[in-house]
Amino acid sequence: MKEIIEILKQNIKLIAAILAIGSIVGFVIGKSTNQPTNTSPNQHITESTHQNIEESTHQQTWTCSMHPQIKQDKPGLCPICAMDLIPLKSMQSGGDDVDPNEIVMSESAAKLASIQTTRVEIGNPVKTISLQGKVQVDERNISELTARFGGRIEKLYVNYTGQQVRKGEKLASIYSPALLSAQKELLEAISFKESRPGLYTAAKGKLKLWDITDKQIAAIEDKGKPQAYFNILSPITGTVSMRHVALGDYVKEGKALFKLVDLSKVWVMFDAYESDLPWIKLGDEVNFELKANPGEFYSSKVTYIDPFINGKTRVAKVRIEVSNKNGALKPEMFAQGVLESEIAGNSSEIIVPKSAVLWTGKRSVVYVKVQDRESPSFLYREVVLGPEAGAYYVITEGLEEGEEIATNGVFKIDAAAQLVGLRSMMNPDGGAAPAGHNHVGETKMLMPGMDEAKFFVNGACEMCKENIETAASGVKGVTHAVWDKEAKELTMHYDAKKVNPEKVQKTIIAKGYDAGDLRADDKVYADLPECCQYSRLEKASVWVNGNCDMCKATIEKAALSIDGVLRANWNGETHMLSLDFESGSNDVDLVEKAIVNAGYDTKKHKAADSVYNELPPCCQYRD
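Residues numbered from 1 in each chain as written. Predicted model: local features only at pLDDT ≥ 70, side-chain atom pairs only at ≥ 80, totals over all residues. Heavy atoms only, no water.

1. Side note on the side chain of T602
The topology assignment puts T602 in the loop between α13 (588-597) and α14 (609-613). Leaving out residues up to four positions away in the same chain, T602 has contacts with W543, V544, E592, I595 and V596. (Helix = DSSP H or I, 4+ residues; strand = E, 2+ residues; numbered from the N terminus. Contact = heavy atoms within 4.5 Å.)

Put into structure tokens, the structure is as follows:
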């Protein structure tokens, strides 16, 4: 160490000189680096772009095209499907010529989602319709025989229902005093036939009006004396379907005697639903088989379509006529038919596969592929559906021939659009759907100045849903109304300055649906279609003591534990419990006992002290 110090002392002058030179060189180099460098424009742009990319990468949110709920601040792989994450802004298109509602998917995302598209075409839609029906008697081949004159049945040639008879065959023999008098008048008028022909014609016409044939009248004239017994003859060849008289019966004028049916030709009456009627027209061929004769097929053409819909069954009758020479088709036999038909009118229509359409009940949506894009891009489009055509829908509005639409993976496209706030089936106006308002088929934000109300509305089917929502929406001041069929609950947004929930409830009960605590008129309810006639509730009210929201929950739970109780609502201010029972099961006393067992007093019963004392302090209502 001492040697090193001695060396430094000997060379101190040299070291000082070196340090001085180094300081000068450092100053010169530092000044030179502070001067602007003469770089090329391209080099400057490249460095700037690189800097922007780094900043963009640092600030960009990355997501998965298949799982938009995944969001990260840097690129990588989706933790669910291991796809490459893409910038969130790429889920929407940019540029002046691009619709901001476009859904853009990467090629890999579209492949993973099994997105398939097809060109919209015009064609003649064909549908195969299955029909259920019965064999019926041809009403034109029914003959009902009634007594044209009073008398006594002396002989009966038809002994049982179902007996076969031929036209002109004797059915019965009748003795009639009135007929005897008419025959005498005829015989007397014969002597005045030349001098007073009108008298003869009148006497003969009287017998004809009583269904006496010319042959029988000629026999009376030939014999020159009246016949005591007259035969009733069959007017058709057929089967006796009903016999109203027995041997020895005395019949009055107008009494039914026999009903005859010709079964050589029968009708088959099929039931056609409303949705099938646009496809059925006169002349369409129907192939059918009978359950009684499986494997044997018959065919005929449509000869009649009922102009009325049955109000209860919601079907119209479609008739075909079938020859039945061998009697194999018997009235009331069940028949299963198939009709393959083009839409009535045979017009060309735009048709798309059913898989391309998302249907919410109030709107129908397709996704149209945007052309001339590097990545698959789609736009939300609402369409109007025509008749259903097997695996296809007829589109009456919203699409043009030649457009390309998604036919597979459509729901995945819609889900991606909804999660990133674009227009979608659940959110047709775009923007994020507000929490608590994601109703199937309808998404509405509560607008400023609007109130929301929810109340009970009874109903049964989709037709009820449409009627209830239409009635509520038609009240001035109501901006939005959605009825939940399962919960029997209507959610509405309304302007409290113009309307209140009670007014809406009165409008709904006028259509036949019980709403809130109001009950629809029985006559209006009875006029509803059969499918809409819901199970009506019986209402009751019970006074129950309590304090707080915890009491409310406990009281309502106890009431609902009783079979037959469908709804329970306790009002903490009035202490009244409103109950809705199934018809015939309104045992109010049983409900009160269940509430008492939970620790709450009613008018009739008092809860045991031991149970009451176990209530939380906030629920102990007794002073």
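2. Brief notes about the nonpolar core
Counting residues in each nonpolar core, the largest one holds 29 residues, and the members touching the most others are L207, I212 and F258. Of all the elements in the fold, those that place two or more residues in this core are β9 (151-156), β11 (170-175), α5 (177-190), α6 (197-209), α7 (214-223), β12 (229-233) and β15 (256-261). Counting residues per element, this core draws most heavily on α5, which supplies four residues. Residue contacts for F258: discarding those within four places in its chain leaves S143, E144, L145, L156, V158, L171, A172, M242, R243, H244 and V245. With 26 residues, the next largest nonpolar core counts V475, A481, Y525 and C532 among its residues. (Core = buried A, V, L, I, M, F, W, Y, C linked by side-chain atoms within 4.5 Å. Buried < 20%, exposed > 50% of the residue type's maximum accessible area, 1.4 Å probe, protein only.)

3. Here we look at α7
Turning to α7, its buried residues number three or more, namely Q216, I217 and I220. The arc enclosing the buried residues of α7, seen along the axis, measures out at 100°, which places them on a common side. For α7, the exposed residues lying more than 90 degrees away from the buried face are K215 and D222. Buried residues in α7 make contact with α5, α6 and β12. Two residues or fewer past α7, G224 is found with a positive phi of approximately 75°. (Arc of directions from axis to C-beta.)

4. As for the packing of helix α12 (residues 549-560) against α13
Relative to each other, α12 and α13 sit at 135°, their axes nearing to 8 Å. By the criterion of interaxial angle, the relationship of α12 to α13 is oblique. In the crossing of α12 with α13, the sense of the turn from one axis to the other is right-handed. Counted together, I555, A558 and A559 of α12 and V591, A594 and I595 of α13 form the full contact between these two elements. Residue composition of the contact of α12 with α13, grouped by class: six nonpolar, no polar and no charged. (Axes fitted to C-alpha atoms, helices over the stretch in contact; angles between N-to-C directions. Parallel < 35°, antiparallel > 145°, perpendicular 65-115°, else oblique. Left-handed = near helix turned anticlockwise from the far one by under 90°. Nonpolar A, V, L, I, M, F, W, Y, C, P; charged D, E, K, R; others polar.)

5. Quick word on the confidence of the model for the protein
Mean pLDDT over the protein works out to 81, with 83% of the residues at or above the 70 mark. Scored below 50 in pLDDT, residues 27-58 shows four contacts in the model against residues more than four places distant or in partner chains. For residues 432-443, every residue scores under 50 in pLDDT, and the model assigns this stretch 29 contacts once sequence neighbours within four places are set aside. (pLDDT = per-residue confidence, 0-100.)

6. Considerations on helix α9 (residues 462-473)
With twelve residues, α9 should reach 16 Å at 1.5 Å per residue; the first-to-last C-alpha distance of 16 Å fits that figure. Residues of α9 that are buried include every one of C464, K465, I468, E469, A471 and A472, and no others. Down the axis of α9, the buried side of the element spans an arc of 160°, and every buried residue falls inside it. Of the residues in α9, the exposed ones pointing more than 90 degrees away from the buried face are E462, E466 and T470. Residues of α9 that are buried sit in contact with β30 (478-484), β31 (489-494) and α10 (501-509). (Expected span 1.5 Å × (residues − 1).)

7. Focus: the sheet that holds strand β1 (residues 62-63)
One open sheet holds the three strands; their spatial order is β2-β1-β3, and the pairing between them is antiparallel. The open sheet has two edge strands with one neighbour each: β2 (71-72) and β3 (86-87). Here β1 pairs with β3 via two bridges, running antiparallel. Within β3, the residue paired with W62 across the bridge is P87. (Pairing = 2+ DSSP bridges.)

8. Structural notes on the pairing of strand β26 (residues 404-408)
Burial analysis of β26 places four of its five residues in the buried class, which makes it a mostly covered element. Bridge count between strand β5 (residues 116-119) and β26: four bridges; the pairing is antiparallel. Among the inter-strand pairings, T117 is bridged to a residue of β26, identified as A406.

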